[in-house]
Amino acid sequence: MQRLAYACAEAVAAQLKPGVTEREAARMQRAWLRERGVNDWFHLPFAWFGDRTAFVNFRVPLQFFPTNRRLEAGMPFILDMAPVYKGFTADIGYSGCLGLNPVHDKLLADLEAHRELILREVRERRSLREIYEDVERLMTRQGYANRHRAYPFGVIAHKVDRVKERRWSPHLLGFGTQSLKGLASDALHGHRDGWSPLWSPYTFSDHPPRPGLWAVEPHLGFRGTGVKFEEILVVTDSRDPEQSAFWLDDDVPHVRRWAEEKSA
Amino acid sequence: MRIEEATERWVRTGGVELCVAEMGDTARPTVLLVHGYPDSKEVWAEVASRLAEHFHVVLYDVRGHGRSTAPQPLRGGFTLEKLTDDFLAVADAVSPDRPVHLVGHDWGSVQSWEFVTVRRTEGRIASFTSMSGPSLDHFGHWIKKRMVRPTPRAAAQLLGQGAKSWYVYMMHTPVLPELAWRGPLGRQWPRILQRVEKMPAGDYPTASLPRDAAHGAWLYRDNIRARLRRPRADAYAHAPVQLITPTGDAFLSERLYDELEQWAPQLVRRSLPAKHWVPRTRPDQLASWITDFVTANEDTAAGVAPRDTVAGGPYADRFAGQLVLVTGAAGGIGRATAYAFAEAGARIVAVDRDAEGAARTAEMARLIGAQKSWAETVDVSDEQAMEKLAEKVATEYGIVDVLVNNAGIGLSGSFLDTTSEDWKKVLDVNLWGVIHGCRLFGRQMADRGQGGHIVNTASAAAYQPSRALPAYSTSKAAVLMLSECLRAEFAGRGIGVSAICPGLVNTGITSTARFAGVSADEEKLKQRKTARLYGMRNYPPEKVADAVLKAVVRNQAVVPVTPEARGAHFLSRFAPKALRAIARLEPPL
């Protein structure tokens, strides 16, 4: 499922050209996935262009929704989609840039350290809140701002679960109702057992990683440029550190890009 | 190289002989400098010697000035048409095959606007740098527009410029200007320039001043009324223009150039906090901007993709190419400030004791627009290291134009818990660091005599007493007072000093701050708690950086930044008792 979502992101990114609006880019993602059988969403596709990739002046959640901002040469963009297919959810983030932009390249390269840090600390079973703070510290050291603080509850990740298949799957404020229901039920159970399906900087995330699938999305911001990735981290209760946590797939565009840069 | 070392020759044109001086390698691009009123080519001496390292520099005495001969009769001999003939004759003599890069000051700029907007010079001018001299045609349209629609703002602009142009009316009176210049005014002029314009004493003005000034009166009489009454409608520049506006010019309003883009499509703006005679008072800055502009246009002409000559930041016109040194640049406010200056196209020296962090700042600064950037690892409290840094910066990068003394450390804890060791440490960095910076780099700025600006990061704690921060607040209060004293001392040298009082800003200072009188574990806990508190407040250092740039541009003395810092500043002036009451509260840590 995650591969399908990334394939969609790459296909849409390849079609982006100057003048395309965020709304059009989001529509392109929806159409591409619908053609391949997706009819439910954890959240509807987002597209952010230019300084909106860094959430500049974002104050209310409505600003996350795609606008009529047009893409220009050299502009960074982020495509973010969370399709549900046969009950399986993917939630991915794809950062790209239309043409050359050395700042964007640098940010994207620096994101690699965060992917490694998160995996290492999750395997060490550090508290989610501590990992969050370490990620933020690394961002600060790199000279960037933590932009995932701008997400609802400032989350860097959230749990994803299987979703019941329904013929009719409405969405509410951009989020699929089935997925919201699952998240709410996790939150309820978690609240009883002392854990949370949201990975945030707050006390409710002050617990070790809970087994399951986590959609992790560290988001760097540097002045008017933002980059992120979002992919599934699998956390298990295995005692073997390697098996206790791993990224669902290492064959994703940003990892391929880092490998190419190293071999170049 | 001094102007005396230039080779001179005479160019005959339209019944006059013009004295033309050349410096530098003739194979390089030609930069032609045109002087103003009441000057001769020697006004460019300082700028020309700097430009000659890179270009073939040509200067000439305008007809009737310096060693050039005067037209006979004087009346009608100084029209812009005749001055254009002179320019073409000089350009053909010194650079027959390539267009020249024109630079004009005052009347030199006024006549250069004519050269760059008339058809017959097309292809002979590669670029034009203008300072303190508008096109008379543009000026005519500017006046007409405001007279036709005299809104309050338009009327105020008209009256403002009208008052500044008092000398233009004087020039139109017969004989009197000549008598004044050949008499007392000519004798007093050097002293007037030194006192009013802060022009450095030296071999300028030359002995020919009274005669030059008397002849030059005809520049006004032959052109002003005719052009202002009937400005040309086709005065469009056919070459790229760089406009340098001295913000303290007593004779020309900055507003004159508001609509210049419509006349000069390829316009680059620069502004300089200086008075009228910038070729004498700011030669380094002018030489740097002219070099950049000429090089960029040469590259474009040679088919090289044009470098973005205007960095994107809001203050690019002011800081492009300037050298800015920031201490404590590895994070927080220092790093954000370095980035903000970098975005404006400045050259950055990022100083910090954290070598990796400073290098990172320098690297990112380059990516976002800094012309050049360097990282230096120095502990600001180390006097010898700072001396070495000052020496290295002066020799390798140049004299600092803007110094930001930002490095600082936090120390919390009651007075009785604060050891003398703690006091020493906090004062060494927060106060002595600033003293070293101001002393060493301030001395270099003062010796250069071309202005500059010093920004010291104080704190809202400088005027907000607190039982929890006695040492920190004391050090910052000292920085504030030091800044105020320095401001008074440096005012006469054109060097501004600002103290920035940020308030609660989300930076790394909280996680490294010392907490006196507690165990190591407890200190860690408090650091974490404070960092979270500041994180919740989440005031970004970028906003403080914006305030720093604004403070430099406006030359503000004390700048409280966050609302709480502004509130405390207000209370410190009007209700200090309330602040003293707040000081007694135990902070929630």
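Residues numbered from 1 in each chain as written. Chains lettered and ligands numbered in written order. Predicted model: local features only at pLDDT ≥ 70, side-chain atom pairs only at ≥ 80, totals over all residues. Heavy atoms only, no water.

Caption draft 1: Structural context of the sheet that holds strand β5 (residues 145-146) of chain A. Residues and elements named next belong to chain A. The strand order across the open sheet formed by three strands is β5-β11-β12, and the pairing between neighbours is antiparallel. In this open sheet, the two strands that pair with only one neighbour each are β5 and β12 (225-228). By the bridge criterion, four bridges tie strand β11 (residues 219-222) to β12 in an arrangement that is antiparallel. Bridge pairing in β12 places Gly-221 opposite Gly-226. (Pairing = 2+ DSSP bridges. Helix = DSSP H or I, 4+ residues; strand = E, 2+ residues; numbered from the N terminus.)

Caption draft 2: Layout of the interface of chain A and chain B. Contacts between chain A and chain B engage 16 residues on the former and 13 residues on the latter. On the surface where chain A and chain B come into contact, there are three salt bridges. One salt bridge connects Glu363(B) with Lys106(A), and the closest N-O pair in it is separated by 3.0 Å. For the interface between chain A and chain B, the tally reads seven residue pairs in polar contact (both at pLDDT 80 or more). Contributing elements (two or more residues each) for the side of chain A that touches chain B: α3 (102-123) and α4 (128-142) of chain A. The element that contributes the greatest number of residues to the side of chain A that touches chain B is α4(A), accounting for seven residues. (Contact = heavy atoms within 4.5 Å. Salt bridge = Lys/Arg side-chain N within 4 Å of Asp/Glu carboxyl O. Polar contact = N/O pair within 3.5 Å; in protein donor to acceptor, adjacent residues only side chain to side chain.)

Caption draft 3: Summary view of the domain arrangement of chain B. Residue and element names in this part refer to chain B. Per the domain assignment, the segments making up chain B are domain 1 (3-301) and domain 2 (319-505 + 540-583). The straight-line distance from the C-alpha centre of domain 1 to that of domain 2 is 39 Å. Roughly 710 Å² of surface becomes buried between domain 1 and domain 2 when both sides are summed, with 32% attributable to carbon and sulfur atoms. On the domain 1 side of the contact with domain 2, Arg-282, Asp-284 and Gln-285 bury the most area, a combined 46% of that side's loss. Two residues, Asp-284 and Arg-448, come together in a salt bridge whose shortest N-O distance is 3.8 Å. There are five residue pairs in polar contact (both at pLDDT 80 or more) connecting domain 1 and domain 2. Tallying contributions element by element places helix α11 (residues 283-301) first for the side of domain 1 that touches domain 2, with six residues. The residue makeup of the side of domain 1 that touches domain 2, split by class, is two nonpolar, three polar and six charged. (Domains from an automatic or database assignment. Buried area = accessible area lost by both parts, 1.4 Å probe. Nonpolar A, V, L, I, M, F, W, Y, C, P; charged D, E, K, R; others polar.)

Caption draft 4: Spotlight on the UniProt feature "domain: Ketoreductase" (unreviewed entry) in chain B. Following the UniProt record, one finds the feature "domain: Ketoreductase" (unreviewed entry) at residues 322-503 of chain B. Annotated as residues 322-503 of chain B, this span is 49% helix and 19% strand, and its ends, taken at the C-alpha atoms, are 28 Å apart. (UniProt positions renumbered as here; feature names shortened; annotations may be inferred.)

Caption draft 5: Region of the structure containing the packing of aromatic side chains. By the definition in use, this model includes 33 aromatic pairs over all chains. Ring centres of Trp189(B) and Trp277(B) lie 5.8 Å apart, and the angle between their planes is 75°; on these two criteria the pair is classed as edge-to-face. One end of the pair, Trp189(B), is in helix α8 (residues 184-196); the other, Trp277(B), is in the loop between β8 (267-272) and α10 (278-281), and 88 residues separate them in sequence. Residue Trp277(B) is classed as buried on the basis of its relative accessible area of 3%. Centre to centre, the rings of Phe319(B) and Phe341(B) are 4.9 Å apart; their planes meet at 85°, and the pair counts as edge-to-face. Of this pair, Phe319(B) sits in helix α12 (residues 316-319) while Phe341(B) sits in helix α13 (residues 332-343), placing them 22 residues apart in sequence. Comparing Phe319(B) with Phe341(B) shows no difference in burial state: the two are buried. Joined through ring pairs, the aromatic side chains of Tyr37(B), Trp107(B), Trp166(B), Tyr167(B), Trp181(B), Trp189(B), Tyr220(B), Phe251(B) and Trp277(B) make up one cluster. Across from the ring centre of Phe88(A), 4.2 Å away, lies the NZ or CZ of Arg162(A), which sits over that ring. In this structure, Arg221(B) is placed above the aromatic ring of Trp218(B), and the distance from its NZ or CZ to the ring centre is 4.8 Å. (Phe/Tyr/Trp six-rings, centres within 6.5 Å; stacked < 30°, edge-to-face > 60°. Buried < 20%, exposed > 50% of the residue type's maximum accessible area, 1.4 Å probe, protein only. Lys NZ or Arg CZ within 6 Å of the ring centre and 35° of its normal.)

Caption draft 6: Quick peek at a nonpolar patch on the surface. Residues and elements named next belong to chain A. Among the surface-exposed residues, Phe-153, Tyr-202 and Phe-204 lie close enough to one another that they form a single nonpolar patch of about 310 Å² accessible area. Secondary-structure assignment places Tyr-202 in the loop between β9 (198-199) and β10 (212-216). The exposure class of Tyr-202 is partly exposed, given its relative accessible area of 38%. (Patch = residues over 30% accessible without salt bridge, like charges linked within 9 Å, V, L, I, M, F, W, Y side chains within 5 Å. Areas by Shrake-Rupley, 256 points an atom, 1.4 Å probe, with all protein chains shown as cover.)

Caption draft 7: Local environment of the nonpolar core. Residues Ile118(A), Trp199(A), Leu233(A), Phe319(B), Phe341(B) and Ile348(B) are the most contacted members of the largest nonpolar core, which totals 91 residues. The biggest single contributor to this core is α3(A), with eight residues. Setting aside residues up to four positions removed in sequence, Phe341(B) forms contacts with Phe319(B), Val324(B), Ala346(B), Ile348(B), Val402(B), Val404(B), Val548(B), Leu549(B) and Val552(B). Within the second largest apolar cluster, 88 residues are counted, among which are Val20(B), Ala45(B), Val47(B) and Ala91(B). (Core = buried A, V, L, I, M, F, W, Y, C linked by side-chain atoms within 4.5 Å.)

Caption draft 8: Just helix α19 (residues 520-537) of chain B, in detail. Residue and element names in this part refer to chain B. Its 18 residues give α19 an end-to-end C-alpha distance of 26 Å, which sits within 8% of 26 Å, the value for a rise of 1.5 Å per residue. Along α19, the residues classified as buried are Glu-523, Lys-526, Gln-527, Thr-530 and Gly-535. Structurally, α19 contributes buried residues whose contacts are with α18 (509-512) and β16 (514-515). (Expected span 1.5 Å × (residues − 1).)

Caption draft 9: Inspection of a positive patch on the surface at higher detail. All names here are of chain B. Residues Arg-75, Lys-144, Arg-225, Arg-229 and Arg-230 make up a contiguous surface patch of positive charge. Within the secondary structure, Arg-75 is located in the loop between β4 (56-60) and α2 (80-94). Taking relative accessible area as the criterion, Arg-75 reaches 62% and is therefore assigned exposed. (Lys, Arg positive; Asp, Glu negative; His and termini not counted. Charge placed at Lys NZ, Arg CZ, Asp CG, Glu CD.)

Caption draft 10: Here's a closer look at the pattern of salt bridges. One pass over the full model with this rule turns up 60 salt bridges over all chains. With a closest N to O distance of 3.4 Å, Arg36(A) and Glu35(A) form a salt bridge. Under the relative-accessibility criterion, Glu35(A) is labelled exposed at 64%. Between Arg50(B) and Glu46(B) there is a salt bridge whose closest N-O contact spans 3.0 Å. Residue Arg50(B) and its partner Glu46(B) are both found in helix α1 (residues 45-51); the two are separated by four residues, about one turn of the helix. Several salt bridges converge on common partners, so that one network encompasses Glu121(A), Glu124(A), Arg126(A), Glu130(A), Asp134(A) and Arg137(A).

Caption draft 11: Representation of the packing of α3(A) against helix α14 (residues 355-367) of chain B. Where α3(A) meets α14(B), the closest approach of the two axes is 9 Å, and the angle between their N-to-C directions is 145°. Counting all contacts with α3(A), which are made through Pro102(A), Val103(A), Lys106(A), Leu107(A) and Asp110(A), the residues of α14(B) involved are Arg360(B), Glu363(B), Met364(B) and Leu367(B). (Axes fitted to C-alpha atoms, helices over the stretch in contact; angles between N-to-C directions.)

Caption draft 12: How the structure looks around the state of the cysteines. Residue and element names in this part refer to chain A. Under the counting rule described, the total for this entry stands at zero disulfides over all chains. Cys-8 takes part in no disulfide bond, and the closest cysteine sulfur, belonging to Cys-97, lies 19 Å away. Since its relative accessible area comes to 0%, Cys-8 is described here as buried. (Disulfide = S-S within 2.5 Å.)

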